Amino acid sequence: MSKLRSWKYFAVTMTLMLFLGMGVLVVLPALAMAQLPSPGPQLLAPNNGAIGIPVQRVSFSWSPLDQTTKYRLMLAKDEGMTQVVVQAEVTSTTYEYSGKLDYNTNYFWRVGALEPRSSDWSSTFSFQTEVARPPTTPPTDTLLLLSPPNGALGIPVQPVSFSWSPYKETTKYRLMLAKDAGMTRVVVEAEVTSTTYEYAGTLDYSTNYYWQVIVLEPELSKPAGVFSFQTEAAPPSPKVMAPPPEVPKPPEPTPLWVWGLIALGAILIIVILVLMFKTLNRS
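Residues numbered from 1 in each chain as written. Predicted model: local features only at pLDDT ≥ 70, side-chain atom pairs only at ≥ 80, totals over all residues. Heavy atoms only, no water.

1. Details of the overall build of the protein
- Across its full length, the protein carries two helices and 16 strands.
- Across the 283 residues that make up the protein, the buried fraction comes to 30%.
- Across the protein, contacts joining residues at least 24 apart in sequence account for 65% of those joining residues at least 6 apart.
- When the accessible area of the protein is evaluated, it comes to approximately 18,500 Å², of which 59% is carbon and sulfur surface. (Helix = DSSP H or I, 4+ residues; strand = E, 2+ residues; numbered from the N terminus. Buried < 20%, exposed > 50% of the residue type's maximum accessible area, 1.4 Å probe, protein only. Contact = heavy atoms within 4.5 Å. Areas by Shrake-Rupley, 256 points an atom, 1.4 Å probe, with all protein chains shown as cover.)

Here it is in structure tokens:
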């Protein structure tokens, strides 16, 4: 009877140890995978490739990651993120840069999670800041056309910005843009209350254009002289190339301590099996 009890006790002990060894083999790899960095968040704004972003009060936003309480943001002047402009840690999914960026400059930014778990960096987005506006000049007795300068070449077809000097106490101007010096083939005619105007349409490539400004209020005046410019040449057609084959990203290596524990669990199972066979043979 005592021999039967000993055998039952031994069988229960061996079963528990067997389940313990199997747990080591199953749970530890799962824990190791949980320690690997998670993918970074999805960037929202500024959009990738955005143009004309204001140089001040630039706002960044991205999608939240589950249970993340702190993020890190990096802004740089190069895609390699070596010319860093700002690095910030924030507890929300938005960030507003209080400094001033450079005009007409490309910037790159990315975001990663910090707490409670770090993540990989997100994909890198880029944007280009706005072009510097011409300095304000005091009112003069003569209305002077400023930009584009007379005879300018290679003016972008979109957008095209016009500016002129303020004239006395003028409150409204009329700008005319045409394809001939006689201003009969009018492209756009606009009334504005400032000394700048941006044409939102698209001009033709390699084409001569003519523009002038007239004072409307408080008194109508004769038009200023006519300025001309030529737009840029059309870019060459891009060659269609097959995209390079995607190279699969190699999996993250399993830490050595995990392999060690797996080996220990395997040895434990082998020892249990050996002891069970020896016990059975003695019986």
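2. Describing the sheet that holds strand S4 (residues 70–76)
- Here five strands make up an open sheet; going across it, the order is S2-S8-S7-S4-S5 and the pairing mixed. One side of each edge strand has no neighbouring strand; the edge strands of this open sheet are strand S2 (50–53) and strand S5 (84–90). With direction set aside, neighbouring strand axes in the sheet form an average angle of 25°. (Pairing = 2+ DSSP bridges. Axes fitted to C-alpha atoms, helices over the stretch in contact; angles between N-to-C directions.)

3. Some words on the layout of surface pockets
- For the second largest pocket, the calculated volume is near 150 Å³.
- In terms of lining, the second largest pocket is formed by Tyr167, Lys168, Glu169, Thr170, Val215, Glu217, Pro218, Glu219, Leu220 and Ser221.
- Here the lining of the second largest pocket is built from residues that sort into four nonpolar, two polar and four charged. (1 Å grid on protein atoms, 1.4 Å probe; cavity = no way out; pocket = protein on both sides within 12 Å on 5 of 7 lines; lining within 4 Å. Points joined across faces, edges and corners; volume = space filled by probe spheres on them. Nonpolar A, V, L, I, M, F, W, Y, C, P; charged D, E, K, R; others polar.)

4. A look at the pattern of salt bridges
- Counted according to the given criterion, the structure contains nine salt bridges.
- Here Lys70 and Glu115 are joined by a salt bridge, their closest N and O atoms 3.8 Å apart. Of this pair, Lys70 sits in strand S4 while Glu115 sits in strand S7 (residues 106–115), and the two are 45 residues apart along the sequence.
- The closest approach of N and O atoms between Glu189 and Arg174, which form a salt bridge, is 3.4 Å. Linking Glu189 in strand S13 (residues 186–192) with Arg174 in strand S12 (residues 172–178), this pair joins segments that are 15 residues apart in sequence.
- Looking at Glu189, the relative accessible area reads 47%, which means it is partly exposed.
- Each of the salt bridges in this network shares a partner with another, and the network as a whole consists of Lys172, Arg174, Glu189, Glu191 and Glu217. (Salt bridge = Lys/Arg side-chain N within 4 Å of Asp/Glu carboxyl O.)

5. Observations concerning the nonpolar core
- Judged by nonpolar contacts, the single largest core of 24 residues is most densely connected at Leu143, Phe162, Trp164, Tyr197, Trp211 and Phe229.
- Elements represented by at least two residues in this core include exactly strand S10 (152–155), strand S11 (160–164), S12, S13, strand S14 (196–199) and strand S15 (208–217).
- For this core, the element with the most residues is S15, which contributes four residues. (Core = buried A, V, L, I, M, F, W, Y, C linked by side-chain atoms within 4.5 Å.)

6. Regarding the side chain of Ser119
- Positionally, Ser119 belongs in the loop between S7 and strand S8 (125–129).
- Within the structure, Ser119 has its side chain in polar contact with the backbone nitrogen of Ala113 (distance 2.8 Å). (Polar contact = N/O pair within 3.5 Å; in protein donor to acceptor, adjacent residues only side chain to side chain.)

7. Focus: the packing of aromatic side chains
- Under the definition given, this model contains 12 aromatic pairs.
- Each ring, one from Trp62 and one from Tyr71, has its centre 5.8 Å from the other, and the planes form 70°; the classification is edge-to-face.
- Judged by its relative accessible area of 2%, Tyr71 falls in the buried class.
- These aromatic residues form a ring-pair network of at least three members: Phe60, Tyr95, Tyr107, Trp109, Phe125 and Phe127.
- Positioned above the aromatic ring of Trp121, the side-chain terminus of Arg72 is 4.2 Å from the ring centre.
- Across the ring face of Trp121, the terminal group of Arg110 is positioned such that the distance to the ring centre comes to 4.2 Å. (Phe/Tyr/Trp six-rings, centres within 6.5 Å; stacked < 30°, edge-to-face > 60°. Lys NZ or Arg CZ within 6 Å of the ring centre and 35° of its normal.)

8. Structural notes on the pairing of strand S3 (residues 56–62)
- Pairing of strand S1 (residues 43–45) with S3, which is carried by two bridges, proceeds in the antiparallel orientation. Looking at S3, one finds that Leu43 is bridged to Trp62.
- The pairing of S3 with strand S6 (residues 94–100) spans five bridges and is classified as antiparallel. Paired with Gln56 across the two strands is Lys100, which belongs to S6.

9. Description of the sheet that holds S6
- Within the open sheet, the three strands sit side by side as S1-S3-S6. Their pairing is antiparallel. This sheet does not close on itself; its edge strands, each paired only once, are S1 and S6. Direction aside, neighbouring strands of the sheet carry axes that sit 30° apart on average.

10. Describing unusual backbone geometry
- A cis geometry characterises the amide bond from Glu115 onward to Pro116, with omega recorded as 0°.
- Mapping Pro116 onto the fold places it in the loop between S7 and S8.
- With an omega dihedral of 0°, the bond running from Ser147 to Pro148 counts as a cis peptide bond.
- Relative to the helices and strands, Pro148 resides in the loop between strand S9 (145–147) and S10.
- Of note, the phi angle at Arg57 is positive, near 55°, even though the residue is not glycine.
- Position of Arg57 among the secondary structure elements: in strand S3.
- Here Arg57 falls in the exposed class, since its relative accessible area comes to 62%.

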